[in-house]
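Topology and contacts: notes
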Amino acid sequence: MTTSTVSNEIKVMQAAEASAKSAANTASSSSSSSASSSTSALSSLANNYTTFLTLLTTQLKNQDPSSPMSTDTFTSELAQFAGVEQQVQTNTNLSTLISLNEDSQLTSGSSLVGSTATASTTTLPLQNKSASLSFTGTSGSMVAIAVANSGGTIVKDALVSPTTGTNTWTWDGTNNSGTQLADGAYTVSVQTIDSSGTTSDVPFTVSGTITGIEKGSSGVMVNMGSASIPMSDVENVSTSSSDTDTSSDSDTSSADS
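Residues numbered from 1 in each chain as written. Predicted model: local features only at pLDDT ≥ 70, side-chain atom pairs only at ≥ 80, totals over all residues. Heavy atoms only, no water.

Read across the open sheet, the five strands follow the order 6-3-9-1-13; overall the sheet is antiparallel. Looking at which strands have only one partner, the edges of the open sheet turn out to be strand 6 (165-171) and strand 13 (234-238). Pairs of neighbouring strands in the sheet enclose a mean axial angle of 25°, with direction left out of account. Taken together, the four bridges between strand 3 (residues 131-137) and strand 9 (residues 204-209) define a ladder with antiparallel strand orientation. What sits directly across from Leu133, in strand 9, is Val206. (Pairing = 2+ DSSP bridges. Helix = DSSP H or I, 4+ residues; strand = E, 2+ residues; numbered from the N terminus. Axes fitted to C-alpha atoms, helices over the stretch in contact; angles between N-to-C directions.)

Written out as C-alpha cells, the structure reads:
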C-alpha cells in the first residue's frame, strides 16, 4: 500500500468522523428548537397586534381636540390594524389545518407498522443488532463510513471499496473494539475522496423496520425502534422483505470485515 493511499484513507476517514460528530451534535441541539419557532412567531405577531391596538387607542384619547387626526391617517392606521388581526387569524387557522393533516397522516401511517422503510437521513436505526445503509458507488473509489452515538462519540468506522452501482453496508451493532452496542438511534456519515485529495459527502439512504408512527414537535415521525425519522424523509416503504434489493449483500460483508 503506497503512502498516498494511506494518507487518503486517513483523510477520508477523518472527514467522515467529523461529519458524523457534527450531525450528531446538531440533531441533539435542534431537537426542540423547531417546536418553539412557530409558536414564538405567532406569539410575536399577536403581541404586535395588541401593542398596536394600545397605541391607537392611546393616540385617540390624547389627540388635540382642535386638531384631530386626519381622516386619511386614521383610515391608514385602521387598515394596518385590520391587516395584523387577519394575519393572526390566518396563522391560527393554518396551524389548525396542519394539525388536522398530521392527524390524518398518523391514522393512515399506522398501517405501515411492520414494514421496511428506506429514508434519506443521517439517523441510523440499530434494530435487533442490525443496521444498514445504501449508496451509489464507483469501482476503484474509496468510501469511509463513520457512526456516532447520541453524544457525538464515534463508535464505528469502516473503509469500503465499492463496486459500480448500488452498494449496501450492514452494521452488526458492534463498536470498533468489538463490543455489542445497545439498539437505538445513531448518526452516520458517508464520505469519499477524489484523486486530488478532496473529500465530499456521498448521498445515502438508511433502512429499518417501522415500529410505530407518532406526531412529534416537527411533524409526523416514523419510529424505527427508538429512532425517530420525519415522515417527509421516508422515500420508500416495502411491506415484504422480499421486495427489497439484496443484490449488494456480498459487498456488505466484505466492507464491514
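Attention now moves to the sheet that holds strand 12 (residues 227-230). Note on sheets: strands pair through backbone hydrogen bonds, and any given pair is parallel or antiparallel. Ordered by their spatial adjacency, three strands build an open sheet running 10-11-12, and the pairing between neighbours is antiparallel. With partners counted over all chains shown, the strands left at the sheet margins are strand 10 (212-216) and strand 12, one partner each. Mean inter-strand twist for the sheet, computed between neighbouring axes without regard to direction, equals 35°.

Topologically, Asn167 is positioned in strand 6. Looking at Asn167, its side chain comes within polar contact range of the main-chain oxygen of Gly165, at 2.9 Å. (Polar contact = N/O pair within 3.5 Å; in protein donor to acceptor, adjacent residues only side chain to side chain.)

So, about unusual backbone geometry. The backbone of Asn128 shows a phi angle near 50°, a positive value even though the residue is not glycine. Looking at where Asn128 falls in the secondary structure, it is placed in the loop between strand 2 (123-126) and strand 3. Judged by relative accessible area, Asn128 falls into the exposed class, the value being 71%. Within the chain, Lys129 stands out as a residue other than glycine whose phi angle is a positive 60°. Relative to the helices and strands, Lys129 is located in the loop between strand 2 and strand 3. (Buried < 20%, exposed > 50% of the residue type's maximum accessible area, 1.4 Å probe, protein only.)

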